[in-house]
Protein chains: 4
Amino acid sequence: MIKAGVIGSTGYAGQELVRLLLSHPDVKISFVSSKSYAGASYSDIFPNFYKKMNIECISTPEDLSELDLDVLFTALPHGHTSGMISSKILKKFKVIDLGADFRLKEINTYENWYQVKHESPQLLPLSVYGLCEINRESIAKSNLIANPGCYTTCSILAIVPLLKESLIDPSSIIIDAKSGVTGAGRGLDLSTHFTECNESIKAYKIASHRHTPEIEEQLSISAGHVICVNFTPHLVPMNRGILCTSYANLKEGVHQDTIKKAYEKYYGDEPFIRLLPNNTPAETRWVKGSNFVDIGFSVDLRTNRIIVTSALDNLIKGAAGQAIQNMNIAFNIQETTGLDHLSIFPI
Amino acid sequence: MIKAGVIGSTGYAGQELVRLLLSHPDVKISFVSSKSYAGASYSDIFPNFYKKMNIECISTPEDLSELDLDVLFTALPHGHTSGMISSKILKKFKVIDLGADFRLKEINTYENWYQVKHESPQLLPLSVYGLCEINRESIAKSNLIANPGCYTTCSILAIVPLLKESLIDPSSIIIDAKSGVTGAGRGLDLSTHFTECNESIKAYKIASHRHTPEIEEQLSISAGHVICVNFTPHLVPMNRGILCTSYANLKEGVHQDTIKKAYEKYYGDEPFIRLLPNNTPAETRWVKGSNFVDIGFSVDLRTNRIIVTSALDNLIKGAAGQAIQNMNIAFNIQETTGLDHLSIFPI
Amino acid sequence: MIKAGVIGSTGYAGQELVRLLLSHPDVKISFVSSKSYAGASYSDIFPNFYKKMNIECISTPEDLSELDLDVLFTALPHGHTSGMISSKILKKFKVIDLGADFRLKEINTYENWYQVKHESPQLLPLSVYGLCEINRESIAKSNLIANPGCYTTCSILAIVPLLKESLIDPSSIIIDAKSGVTGAGRGLDLSTHFTECNESIKAYKIASHRHTPEIEEQLSISAGHVICVNFTPHLVPMNRGILCTSYANLKEGVHQDTIKKAYEKYYGDEPFIRLLPNNTPAETRWVKGSNFVDIGFSVDLRTNRIIVTSALDNLIKGAAGQAIQNMNIAFNIQETTGLDHLSIFPI
Amino acid sequence: MIKAGVIGSTGYAGQELVRLLLSHPDVKISFVSSKSYAGASYSDIFPNFYKKMNIECISTPEDLSELDLDVLFTALPHGHTSGMISSKILKKFKVIDLGADFRLKEINTYENWYQVKHESPQLLPLSVYGLCEINRESIAKSNLIANPGCYTTCSILAIVPLLKESLIDPSSIIIDAKSGVTGAGRGLDLSTHFTECNESIKAYKIASHRHTPEIEEQLSISAGHVICVNFTPHLVPMNRGILCTSYANLKEGVHQDTIKKAYEKYYGDEPFIRLLPNNTPAETRWVKGSNFVDIGFSVDLRTNRIIVTSALDNLIKGAAGQAIQNMNIAFNIQETTGLDHLSIFPI
């Protein structure tokens with residue numbers, strides 16, 4: 001059994017992680033910790049756990065290096081994890097970080113976009129960007145896995161095959177993303193007060209959302225050169241789910257079939273990516289509660305653009321599910337273990 | 001492996017049943033059938049099944065007695081199942097009916113409330129009301145299990161201990177029930193058109209809802225005499241979940257502790273009933289996606305009434321989950337098999 | 001023109017009041033004030049006012065008695081208004097308080113339920129309970145009008161005719177109330193965070209909600225003797241609207257027609273009460289955005305109970321609309337002035 | 001008083017039109033008609049009208065030319081109105097068509113996209129595209145006003161100033177649109193069944209929505225040459241509101257200020273267009289219930305693109321409100337008459 005600890009277990013992603021770990025056949029939860037709820041019974045904080053898990057939520061351990069663990073999950077706001085991890089720790093157990101601190105390889109990019117000093121830049125070369133379908137092999141060997149963001153997973157997976165196969169003009173990429181409100185977390189804010197966001201839709205952080213450099217860094221790697229994109233997040237009055245509608249200009253002579261083959265080449269065997277039939281747009285309802293990413297695309301012959309729709313559950317494939325998928329890879333377990341859920345419908 | 005067939009697999013309850021059966025370790029799905037979608041791929045009808053189950057939805061078999069099955073689930077509108085089942089069939093395999101046809105023992109009550117002729121009254125004595133926590137022993141021996149309604153499961157479980165222990169005035173029971181819209185099914189109707197029920201709440205079928213006689217018949221059995229209740233259903237703008245708020249006058253000298261002990265006596269060891277701490281009201285969010293029923297109660301000393309709140313997922317414990325729980329009991333499998341899900345939160 | 005000031009203008013009720021006052025033909029808004037937003041442009045706080053009202057939200061005036069006003073509206077949390085009002089002020093202008101401080105005549109009841117000292121008990125005899133349809137004549141003469149609560153307006157209006165005409169057993173009244181989330185106000189709280197209350201329903205403050213004594217005091221006045229009720233509020237995932245489902249045992253020999261006549265006797269000429277056709281339940285969608293209360297009832301002959309459904313918009317008839325109705329009465333203007341809106345549908 | 005008739009009064013746009021006409025000080029409603037509800041009381045169909053308007057919904061008049069009217073509003077599905085209107089009718093009274101039949105000047109475009117024959121192509125030269133802010137002068141003189149679509153109003157108004165002032169590359173326009181479910185109408189369909197679209201988002205009719213040619217025709221007029229755009233509509237789980245997020249490549253040397261001046265030049269004096277402060281994205285909640293269009297924009301210096309957000313209420317400025325605005329213009333009444341509502345918030 002893999003001994004797992006969860007730091008930051010009372011945010012939405014942390015809680016979802018605990019739920020999934022609890023039913024994972026190869027995992028034993030060693031501890032769950034939290035700053036705000038230390039000392040409380042976990043099932044008092046989240047009554048869905050009532051009668052199913054009876055442990056106390058502890059305060060975050062002072063010295064992580066003394067923990068008897070196989071894997072540590074950290075699910076903290078940016079800037080909190082970089083100071084907690086050290087090479088010493090990484091020699092004892094694997095760390096899978098659901099936060100942003102180890103996702104960007106360029107420390108300047110990180111510090112500019114996040115406006116915080118990175119506390120352990122020396123660890124960045126050791127970290128792997130944990131987008132399973134893209135970096136499976138390096139994930140398998142790494143002790144520090146930076147679990148991707150929710151928007152970024154949904155965006156990058158939609159576009160990578162188009163760039164790898166040079167099917168689109170890389171300067172023309174526009175990603176119009178829509179997220180349910182769990183994406184904003186459990187912290188109280190007027191913008192996520194029920195009566196302020198229910199029955200309304202808005203764009204926010206236009207041209208300034210922090211997932212932009214993460215998308216760009218990964219797409220640049222795929223393309224082999226630097227790429228800039230427009231990324232516009234929107235808040236949708238629903239609990240879960242992300243839909244990305246991505247646009248790009250097709251290169252001359254690129255047809256529907258070529259594109260289809262490109263997606264099949266990269267994702268045809270992927271257990272968690274479902275390529276939808278021609279012209280079938282992705283919908284969040286079919287992935288909610290599952291670790292799937294659904295991808296559909298259409299070609300507009302009039303404008304010669306491709307429109308890709310991709311959908312995932314932001315707390316599962318966009319956070320906790322992918323973290324477990326990363327763990328499965330890193331521990332050489334069947335990759336789908338503990339993640340074999342269908343979307344529940346309608347929910 | 002238990003060979004299972006599902007008739008009426010494309011309603012919400014039917015689909016939820018297929019989803020749960022698919023991940024049940026002891027079940028093999030033999031067929032799924034439907035009137036409206038015969039011939040279609042099941043994952044085209046419900047794309048959450050895409051890449052997970054690749055079978056065709058067939059038309060309802062003409063002669064059920066020729067089926068090679070261990071259990072047949074029927075999930076049809078009332079009046080459709082009674083004519084399909086026969087003693088011959090019941091000798092070949094077990095039938096678990098998610099519809100209303102075999103729930104009421106009194107055929108007159110059935111025909112009055114449902115305004116339809118019962119096609120197989122001779123089978124009624126063979127049927128067992130499949131409320132697992134109440135009728136576990138007879139369910140284990142029966143070949144015809146009438147799976148309870150969603151409102152009724154939530155209502156009856158909340159009140160049975162109070163009647164069995166004679167803690168309340170049985171003529172004073174009022175059940176004010178609130179349901180998500182999946183309770184109304186997948187058939188199109190103006191009342192469940194998104195923009196007609198979103199952002200609004202209403203009561204409906206006041207003093208005339210068909211779950212009333214079902215509640216009364218079961219409560220009468222518990223009390224040992226005929227009981228009449230007020231049952232008022234409401235439509236709430238959410239997908240899933242039922243909450244019942246039930247009121248009754250306490251008999252003289254009945255205190256909080258007596259009540260608590262009564263609930264613990266009947267449900268203390270039940271795997272799917274969670275008795276909430278004192279004065280903690282049940283909420284649908286903590287049971288959605290699970291087979292749990294949460295029950296909480298308060299005593300109003302000023303009016304000497306008890307107020308019981310009970311919550312369940314109408315498609316799971318209120319339909320498909322309880323059907324599987326019944327199957328587990330009937331096949332002498334561990335009762336929680338395939339039903340061991342926590343509620344997903346927030347969803 | 002009536003010069004009106006609004007203290008507490010940035011809560012939901014306060015904002016709705018400002019919106020309604022702005023289009024009232026006989027009112028000039030003198031100032032709007034707020035503790036939290038003092039100094040901000042009102043249309044920056046509420047961009048629906050952008051280009052329609054260009055005034056600054058000021059801090060609450062220190063000395064109210066110096067204000068040059070005809071009417072002052074106060075929309076503050078309980079305990080804040082009682083210390084601000086004095087006889088001197090009431091001689092200068094009328095006060096309409098949307099808070100709880102002057103609603104209960106019994107100071108002990110107030111202090112017990114609200115757990116706060118009342119700062120001006122000497123003013124209680126001067127105040128009138130501003131339920132327009134019940135107290136129209138005394139409202140017309142009063143300088144201190146206590147605008148009723150949202151739940152209470154919806155509850156009391158549903159039941160008064162039944163008590164006045166002695167049609168029901170007064171000890172049998174149960175009010176099961178359901179409210180949209182604006183009822184909980186604009187203050188941040190985990191319970192009204194979008195993803196905590198969306199897609200779920202719960203009861204709260206069972207047998208302990210502060211609107212209970214207000215309902216009881218008014219019903220007791222109607223009945224001519226002390227009445228105790230069960231009042232259970234529920235939180236429904238929608239922005240606006242309250243639905244009350246009320247139950248009572250009918251006295252012997254009371255029939256549908258007698259009840260209908262009772263409602264017509266008291267409300268037949270009321271501009272803002274709509275008596276629905278027989279057995280038509282009220283729905284919040286038909287009153288949202290309007291000052292109407294819709295009332296429907298059914299008789300359950302099997303249990304001899306009446307079930308009354310009543311619906312209103314909690315921010316209009318349940319708060320700001322009724323405050324303006326009170327102002328219209330108090331200033332001897334046509335009672336419907338500025339309140340003549342249909343419900344917008346679907347919204 | 002303007003005598004107005006409404007054909008197609010029981011769809012959502014028709015009903016909203018009746019509501020707005022009812023409170024318009026210069027209008028008298030002559031009749032409301034409907035195919036599906038002929039003979040029913042209008043307030044039985046829409047109980048928000050109960051006690052406010054007591055007329056019967058008649059069947060559509062056979063011979064429109066005999067109607068004694070000043071203006072006829074038609075709110076029918078495409079293909080139904082073109083055969084009903086004639087020059088004779090247009091000589092008797094004005095026609096404002098909320099449907100699609102007279103919006104496109106190019107009959108081939110109409111017949112290709114709508115797959116229906118146009119029954120009165122000879123009237124197309126007489127019709128004016130009723131986008132008030134763009135065509136005010138010709139609207140004033142016309143007897144046949146083609147009221148624009150909801151998506152189109154929101155899209156065109158966002159982009160026209162950019163084209164008129166040559167600030168963007170006209171081949172780079174991408175409009176990512178999001179609509180509430182009223183946009184899909186009141187007809188029953190599985191896609192708008194509550195539990196099928198609640199808590200989910202999807203794109204639909206990618207590269208094939210019928211509002212595309214309407215947008216293109218109008219933008220082409222503004223640009224002075226043919227323009228092709230990408231238009232992608234999405235269905236959002238909310239009742240009302242449209243948000244368009246539009247993207248275009250800025251021409252060299254175009255700065256924030258130039259853009260701001262362009263918008264002010266065209267819309268600075270418009271009563272129903274609100275230009276938002278720099279980098280403030282539009283939100284549907286601030287326009288719902290009003291006739292406003294809110295427009296905000298941001299410049300992404302990294303990609304040199306402009307991102308424009310525009311929001312309106314699809315049933316008001318996107319349908320019934322604009323129809324009345326057109327009527328006001330056509331009858332030389334103050335343009336804002338009967339449309340002077342703030343958005344109600346939160347609703």
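Just so it is clear, the structure is predicted and the values come from calculations on it, not from any experiment.

1. Side note on the domain arrangement of chain A
Residues and elements named next belong to chain A.
No. 1: Here the domain parsing of chain A yields domain 1 (2-147 + 316-330) and domain 2 (151-312).
No. 2: Across the contact, 26 residues belong to domain 1 and 29 residues belong to domain 2.
No. 3: Taking both partners together, domain 1 and domain 2 bury about 2400 Å²; carbon and sulfur atoms supply 57% of that area.
No. 4: Broken down residue by residue, the surface that domain 1 buries against domain 2 is led by Tyr-12, Trp-113 and Lys-317, which jointly contribute 28%.
No. 5: At the junction of domain 1 with domain 2, the criterion picks out 3 salt bridges.
No. 6: The closest approach of N and O atoms between Glu-16 and Arg-240, which form a salt bridge, is 3.0 Å.
No. 7: For the pair domain 1 and domain 2, the interface holds 11 residue pairs in polar contact (both at pLDDT 80 or more).

2. A few points about the packing of aromatic side chains
No. 1: The tally for this structure, following the rule as stated, stands at 42 aromatic pairs over all chains.
No. 2: Taking 5.6 Å as the distance between ring centres and 25° as the angle between the ring planes, the aromatic pair formed by Tyr263(C) and Phe297(C) counts as stacked. Residue Tyr263(C) is found in helix 9 (residues 256-267), and its partner Phe297(C) is found in strand 13 (residues 293-300); the two are separated by 34 residues along the sequence. Phe297(C) shares its class with Tyr263(C); the two are buried.
No. 3: An angle of 70° between the planes, with centres 6.0 Å apart, marks the rings of Phe345(C) and Tyr12(D) as edge-to-face. Taken together, the residues Phe345(C) in the segment after helix 10 (316-330) and Tyr12(D) in helix 1 (residues 12-22) connect one chain to another.
No. 4: Three or more aromatic residues joined by ring pairs make a cluster, and in this case those are Tyr12(A), Tyr42(A), Phe46(A), Phe49(A), Trp286(B) and Phe345(B).
No. 5: When the ring centre of Phe331(A) is taken as reference, the NZ or CZ atom of Lys94(A) above it lies at 5.9 Å.

3. Concerning the interface of chain D and chain B
No. 1: On the side of chain B, 21 residues touch chain D, which itself brings 21 residues to the contact.
No. 2: Summing both sides of the interface, chain D and chain B together bury roughly 1800 Å²; the carbon and sulfur share of this comes to 57%.
No. 3: At the junction of chain D with chain B, the criterion picks out 2 salt bridges.
No. 4: Notably, a salt bridge pairs Glu196(D) with Arg186(B), separated by 2.8 Å at the nearest N-O pair.
No. 5: Per-element accounting of the side of chain D that touches chain B gives the leading share, 4 residues, to helix 7 (residues 194-197) of chain D.
No. 6: Split into classes, the residues belonging to the side of chain D that touches chain B amount to 9 nonpolar, 8 polar and 4 charged.

4. A look at the sheet that holds strand 9 (residues 202-203) of chain C
All names here are of chain C.
No. 1: Strand order in the open sheet made by the 7 strands is 9-10-8-11-14-13-12, with mixed pairing throughout. Of all strands in the sheet, those with a lone pairing partner are strand 9 and strand 12 (273-275), marking the two edges.
No. 2: Taken together, the 6 bridges between strand 8 (residues 174-179) and strand 10 (residues 230-235) define a ladder with parallel strand orientation. Residue pairing for strand 10: Asp-176 is matched across the bridge by Thr-232.
No. 3: Running over the sheet, helix 6 (residues 150-164) touches strand 8, strand 10, strand 11 (242-249), strand 12, strand 13 and strand 14 (305-312) and is turned about 140° from strand 14.
No. 4: On top of the sheet, helix 9 reaches strand 12, strand 13 and strand 14; it is set at about 165° to strand 13, its chief contact.

5. Some details on the pattern of salt bridges
Oppositely charged side chains may form a pair once their charged atoms are brought near each other.
No. 1: Considering all chains together, one arrives at 69 salt bridges over all chains under this definition.
No. 2: Here Arg285(A) and Glu196(D) are joined by a salt bridge, their closest N and O atoms 2.7 Å apart. One end of the pair, Arg285(A), is in the loop between strand 12 (273-275) and strand 13 (293-300); the other, Glu196(D), is in helix 7, on a second chain. Each member of the pair, Arg285(A) together with Glu196(D), is buried.
No. 3: Among the salt bridges present, the one from Lys265(D) reaches Glu165(D), with a minimum N-O distance of 2.7 Å. With Lys265(D) in helix 9 (residues 256-267) and Glu165(D) in the loop between helix 6 (150-164) and strand 8 (174-179), the pair connects residues that are 100 residues apart, well separated along the chain.

Basis of the calculations
- Residues numbered from 1 in each chain as written.
- Chains lettered and ligands numbered in written order.
- Predicted model: local features only at pLDDT ≥ 70, side-chain atom pairs only at ≥ 80, totals over all residues.
- Heavy atoms only, no water.
- Domains from an automatic or database assignment.
- Contact = heavy atoms within 4.5 Å.
- Buried area = accessible area lost by both parts, 1.4 Å probe.
- Salt bridge = Lys/Arg side-chain N within 4 Å of Asp/Glu carboxyl O.
- Polar contact = N/O pair within 3.5 Å; in protein donor to acceptor, adjacent residues only side chain to side chain.
- Phe/Tyr/Trp six-rings, centres within 6.5 Å; stacked < 30°, edge-to-face > 60°.
- Helix = DSSP H or I, 4+ residues; strand = E, 2+ residues; numbered from the N terminus.
- Buried < 20%, exposed > 50% of the residue type's maximum accessible area, 1.4 Å probe, protein only.
- Lys NZ or Arg CZ within 6 Å of the ring centre and 35° of its normal.
- Nonpolar A, V, L, I, M, F, W, Y, C, P; charged D, E, K, R; others polar.
- Pairing = 2+ DSSP bridges.
- Axes fitted to C-alpha atoms, helices over the stretch in contact; angles between N-to-C directions.

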